[in-house]
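Examination of the molecular architecture
Here are the chains, one letter per residue:
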Amino acid sequence: MKLAILGGKITIDNEPEALFHWPIVTDEDITAVTDVLKAGIMSGTGITKQFEKEFASWIGSEYALGFCNGTASILAAMWACGIGAGDEVIAPSMTYWASAAPALSLGATVNFCDIDRRTLCIDPTDVEHRIGPRTKAIVVVHYAGHPSPMDEIMAIARKHNLKVIEDTSHAQGSLYKGRKCGTIGDVGAMSMMAGKSFAIGEAGMLVTSNREIYERAVLFAHYERTGAASRFNATDNQLTDPELQHFAGIPIGAMKGRMNQTCSAMGRVQLKYYPQRIQEIQDSMNYFWSKLDGVPGIKPHRPDYWENSTMGGWYYSQGLYYAEQLGGLSSEKFSRAVNAEGVHQCFPGGNSPLHIHPFFHDSDLFHLGKPTAVAFADRDVRQGEGALPVSESIHEITVAVPWFKHLDKKMIDQYAQAFRKVAEGADQL
Ligand SMILES: *Cc1c(COP(=O)(O)O)cnc(C)c1O
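Attention here is on the structure that accompanies the text. (Residues numbered from 1 in each chain as written. Predicted model: local features only at pLDDT ≥ 70, side-chain atom pairs only at ≥ 80, totals over all residues. Heavy atoms only, no water.)

1. Concerning helix α6 (residues 211-221)
Of all 11 residues in α6, nine are buried, a share of seventy percent or more. The set of residues buried in α6 consists of Ile-213, Tyr-214, Glu-215, Arg-216, Ala-217, Val-218, Leu-219, Phe-220 and Ala-221. Residues of α6 that are buried in the fold lie against β1 (63-67), α3 (70-80), β5 (163-167), β8 (187-191) and β9 (204-208). Its side-chain oxygen placed 2.9 Å from the backbone nitrogen of Glu-212, Asn-210 serves as the N-cap of α6. (Buried < 20%, exposed > 50% of the residue type's maximum accessible area, 1.4 Å probe, protein only. Helix = DSSP H or I, 4+ residues; strand = E, 2+ residues; numbered from the N terminus. Contact = heavy atoms within 4.5 Å. Polar contact = N/O pair within 3.5 Å; in protein donor to acceptor, adjacent residues only side chain to side chain.)

2. So, the site of the ligand
As a structural note, the neighbourhood of the ligand is formed by 16 residues, with Thr-71, Asp-167, His-170, Ser-191 and Lys-196 the closest of them. At 2.6 Å from an oxygen atom of the ligand is found a side-chain nitrogen or oxygen belonging to Ser-191. Here an oxygen atom of the ligand and a side-chain polar atom of Lys-196 are 3.0 Å apart. About the coverage of the ligand: the protein hides 94% of its 380 Å² of free accessible area. When atoms are counted within 2 Å of each cavity's grid points, the one that captures over half of the ligand is the largest pocket. Residues that form the shell around the ligand fall into these classes: six nonpolar, eight polar and two charged. (Near = heavy atom within 4 Å. Areas by Shrake-Rupley, 256 points an atom, 1.4 Å probe, with all protein chains shown as cover. 1 Å grid on protein atoms, 1.4 Å probe; cavity = no way out; pocket = protein on both sides within 12 Å on 5 of 7 lines; lining within 4 Å. Sits in = over half its atoms within 2 Å of the grid points. Nonpolar A, V, L, I, M, F, W, Y, C, P; charged D, E, K, R; others polar.)

3. Some words on the packing of aromatic side chains
The full count for this structure, using the stated rule, is 27 aromatic pairs. Seen in terms of ring centroids, Phe-20 and Tyr-415 are 5.6 Å apart; in terms of plane orientation they differ by 85 degrees. Their pairing is edge-to-face. Pair noted here: Phe-20 is in the segment before α1 (27-39) and Tyr-415 is in helix α13 (residues 409-424), with a separation of 395 residues, a long-range link. With respect to burial, Phe-20 and Tyr-415 carry one shared label: buried. Their ring planes at 75 degrees and their centres at 5.7 Å tell us that Phe-55 and Phe-198 sit as a pair that is edge-to-face. (Phe/Tyr/Trp six-rings, centres within 6.5 Å; stacked < 30°, edge-to-face > 60°.)

Structure, rendered in structure tokens:
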């Protein structure tokens, strides 16, 4: 069949917007938000605390702590894990910057490791040799909804007494061997930004079952939560430990992290429907991939090799792209040909590698006249081009695929046909 990019017939001439619209907002969300506005309680924590309780119960953690965004929740998680000036954090290079950059706000540095070509998550074989005397934590990112290899990572972390922070921004509801992502390491931190899988505006959430980490996260950014007596967050009027008196009432992170209550109200409604909505997404995405079974060049990014493991809401759904099966056709050219078939959600995928970004090499946050990455460190772990080959090839080895929200088999068939047509007609390009 002649490809549309070469003048052939276009596969999809009218993309159905409703198939992709997200988040799904109903009158129930709108009422919940306007109730907050009418009651004049935008700032406060009442509704946020209810949302936290429900979210913790759904994800399966003891505690949940709402934040103003995901970046703030990751910063607080890092501080709560004891990361400070001169310390090192190991993180995958191929992720959104906020998985790693907050370490520099604390005067720490990031020793980036590579990703696994199959999972697009941290490569567990590239972690252990990076551990030094100042290494405090490993950050994993359940990339594009795909669970990270937690068994391997937890074994390394326990052996070397490191904390594990799970960036769950893409993966609310993803299962790793039957356990929800975000609850397997010491602490989970995540974005709930409007474009993400669990989307409620600008918001973030920290989850943990470790009381000490929870209290330290409160102390870092939630000055108003001084109601409960705590070793780490002494109450304003119940100061038992004189050493902690100067913390009372002022967050040690000198930042205010709380979630806007309009977001919390929407979060409570979204959570009610989230399990059924992501089930429909899983059914739709699995249906799409079943239609591409055996097609050369493109394979699902999906944890088929682990039992009871799922992709949650399939945020930023990716296909693993193998140019060598299509005569070396670049992901860029492949995507342009798919676009020409009427599919806009196809482009070279992933996030650009962080280890070569100037931010992690040169930024001088503390005005010390030297890069923060080395300002307090006892070794320089910055890495140049060529160091992490899988991360650096990310745009060549992945293509973004449509993120279906509804099981509309007739439409999904057409989308799959567009990909199949280009893959099977690759020799025309
Ligand atoms: C979006 C995102 C964040 C940051 O969250 P914000 O809510 O935008 O601050 C962190 N990590 C990953 C992997 C993300 O995709």
